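# Chains, contacts and geometry: an overview
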Amino acid sequence: MKYVRLIVISVLLFCSGMVFGQKKTSEVNRLPDWAFGGFVRPEGVNPVIKPNTATKFYCPMQKGSVGWEESDTFNPAAVVKDGKIFVLYRAEDNSATGVGKRTSRIGLAESSDGITMKLRDKPVLYPAEDNAKDLEWRGGCEDPRVAVTEEGLYVMFYTGWNRSVPRLCVATSRDLITWEKHGLAFGKAYDGRFENLESKSASIVTKLVDGKQVIAKVNGKYLMYWGERMINAATSEDLINWEPQLNEKNELKGLIYPRYKYFDSALTECGPPAIITDKGILLLYNGKNRTDDRRDERFNAGTYSAGQVLFDLNNPYKVIGRLDVPFFRPMDDFEKSGQYVDGTVFIEGLAFYKKKWYLYYGCADSMVGVAVYDPSKKKPGDPIE
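Residues numbered from 1 in each chain as written. Predicted model: local features only at pLDDT ≥ 70, side-chain atom pairs only at ≥ 80, totals over all residues. Heavy atoms only, no water.

## Digging into the packing of aromatic side chains
- This structure, assessed with the given rule, holds 16 aromatic pairs.
- Measuring from ring centre to ring centre gives 5.7 Å for F157 and W242, while their planes differ by 75°; the resulting arrangement is edge-to-face. You can see F157 sitting in strand β9 (residues 154-161) and its partner W242 sitting in strand β17 (residues 242-244), a full 85 residues away along the chain. In this pair, the class of F157 matches that of W242, namely buried.
- Judged by centre distance (5.7 Å) and plane angle (75°), the ring pair of Y304 and F346 falls under edge-to-face. Within this pair, whereas Y304 is found in strand β21 (residues 304-311), its partner F346 is found in strand β23 (residues 345-353), the two being separated by 42 residues in sequence. For the pair Y304 and F346, a shared accessibility class is recorded, and that class is buried.
- Positioned over the ring face of Y222 is K217, at 5.1 Å from the centre of the ring. (Phe/Tyr/Trp six-rings, centres within 6.5 Å; stacked < 30°, edge-to-face > 60°. Helix = DSSP H or I, 4+ residues; strand = E, 2+ residues; numbered from the N terminus. Buried < 20%, exposed > 50% of the residue type's maximum accessible area, 1.4 Å probe, protein only. Lys NZ or Arg CZ within 6 Å of the ring centre and 35° of its normal.)

Spelled out as C-alpha cells, the structure:
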C-alpha cells in the first residue's frame, strides 16, 4: 500500500508540474493569417543601441555641454532611406532620476543590414530656442514614430513633454537630419478644443508600393491611430494638422480599449505605423498589464507586451480581428532589467527592408532591440507559459 501511495503522489506531482527542477511548459503561440509574425530576435545581436557616455552636445536649453544619451536609449522609430534602415531613438541624459524626469532628445542611427548601427554623435531633434519651446522645455522630445511619403517627405510624430502636459507634435524632414517643427498635431482642430489634451503615440497608416513602405490615404484622407489609454483615430489633409474623430456624443471616438484579465488590461498604446494589407489595416500596439487582480496572471504585473489589431479597410474604425495574447513579450534579460524593471518590449519602429520586416523596440526603457519577420517563413509568436 505504501508503494501505491508513492506512485500516486509521484504521478500527481509530475502532472501538476511541481517536480523540483522541472521547467515550466509553454504553449505554441499560433498567429492568425492576418497577423504579422512571428518576429525572431537575431542570435547574439541585441541590444543594437545602448547608452553612450562619450557623446556630448551643447544644449540650447541647459546652456552647456551634456551627455545627451548617457543614461538611456530606447523607444525607436525606423524608416528606409537610400537603401539603408535609419533608426530614430529616444535618448535621455542624466539630469534627474526616474521615468520621465530626465530630458529626452531624438538620436539617429543608420544600418546597411538592419542590425549593425552607425550612430550620429549629435541628436537631430531636441528642445531648443524655437517655436516649440513651450511644448518641449524641460522634458524634451519623446517616443518618435516616423514614416515617409511617396515624394520623399519624412513625417515624425513625437511627444512634446514640458513637464506639465504630454502632447502629440509633428515635424517633417527631407534628410532625417534637419527637421522642421510644426507644433501640436491637434492644435487647430475644432477651434483648439484639444490643444491641451494629453496625447501621444501616433501610428500613421502606410502601404507597400513597389516594395517601399509609404504613407497612404484611406477614403481620401491621411489616417492615423493614436493614444494610450484607448486607441483613437484622426484624419488629415496635409499631414500636419490633424482632426481627432468623434463619436455620436461629440467625444473622442474610442476604437479599442484595455481588456479585463488580458495582457493589455491597463493600456493599449499605438506602436509603429499601421500597414494596409490584403486583409485590412494592421496596427501593432503596446499593451500594459495591470498590477492588481484584474491583470493577466500569465504575465508579470506591469509588463509591456505587444499585440495586433486588424481594422476594416473600408471602415477603418471597425475592428475585425484582435490577438488575445501578445505576439511579442519580454523574454531576454535585457528586456526585463533596466529603467523599467517590470519588463518591457515597447514597439515603435517597423521597416520593410530586403523583403523582411524589421521591428525595433525599447528594452525596459533602457536600450534598443530588433526582431525580424520574414513573410516567406511564417512562424509562431513568442511562446506563452
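## A word on the environment of S265
- Examined against the element boundaries, S265 turns out to sit in the loop between β17 and β18 (267-270).
- Since its relative accessible area comes to 6%, S265 is described here as buried.
- Separated by 127 residues in the primary sequence, S265 and R138 place their C-alpha atoms 31 Å from one another.
- If near-sequence neighbours (up to four positions away) are discounted, S265 is found in contact with P258, R259, K288, N289, R290, R294, R295 and D296.
- Within polar-contact distance, the side chain of S265 engages the side chain of N289 at 3.0 Å.
- In terms of polar contacts, S265 uses its side chain to reach the backbone amide nitrogen of R290, at 2.8 Å. (Contact = heavy atoms within 4.5 Å. Polar contact = N/O pair within 3.5 Å; in protein donor to acceptor, adjacent residues only side chain to side chain.)

## Here's the deal with the side chain of N162
- Mapping N162 onto the fold places it in the loop between β9 and β10 (166-173).
- Of the polar contacts made by the side chain of N162, one reaches the backbone nitrogen of S164; its length is 2.9 Å.
- Those residues within four positions of N162 in sequence are excluded, and the remaining contacts are D134, L135, E136, W137, R138 and R167.

## Some points on the pattern of salt bridges
- Applying the stated criterion to the full structure yields 25 salt bridges.
- Among the ionic pairs, R259 bridges to D324, the shortest N-O distance being 3.3 Å. Pair noted here: R259 is in the loop between β17 and β18 and D324 is in the loop between β22 (319-322) and β23, with a separation of 65 residues, a long-range link.
- Between D264 and R322 there is a salt bridge; the shortest N-O distance is 2.9 Å. Of the two residues, D264 sits in the loop between β17 and β18 while R322 sits in strand β22, which places them 58 residues apart along the sequence.
- Shared partners join several salt bridges into a network, and the residues in it are D72, R90, E92, R102, E142 and D143. (Salt bridge = Lys/Arg side-chain N within 4 Å of Asp/Glu carboxyl O.)

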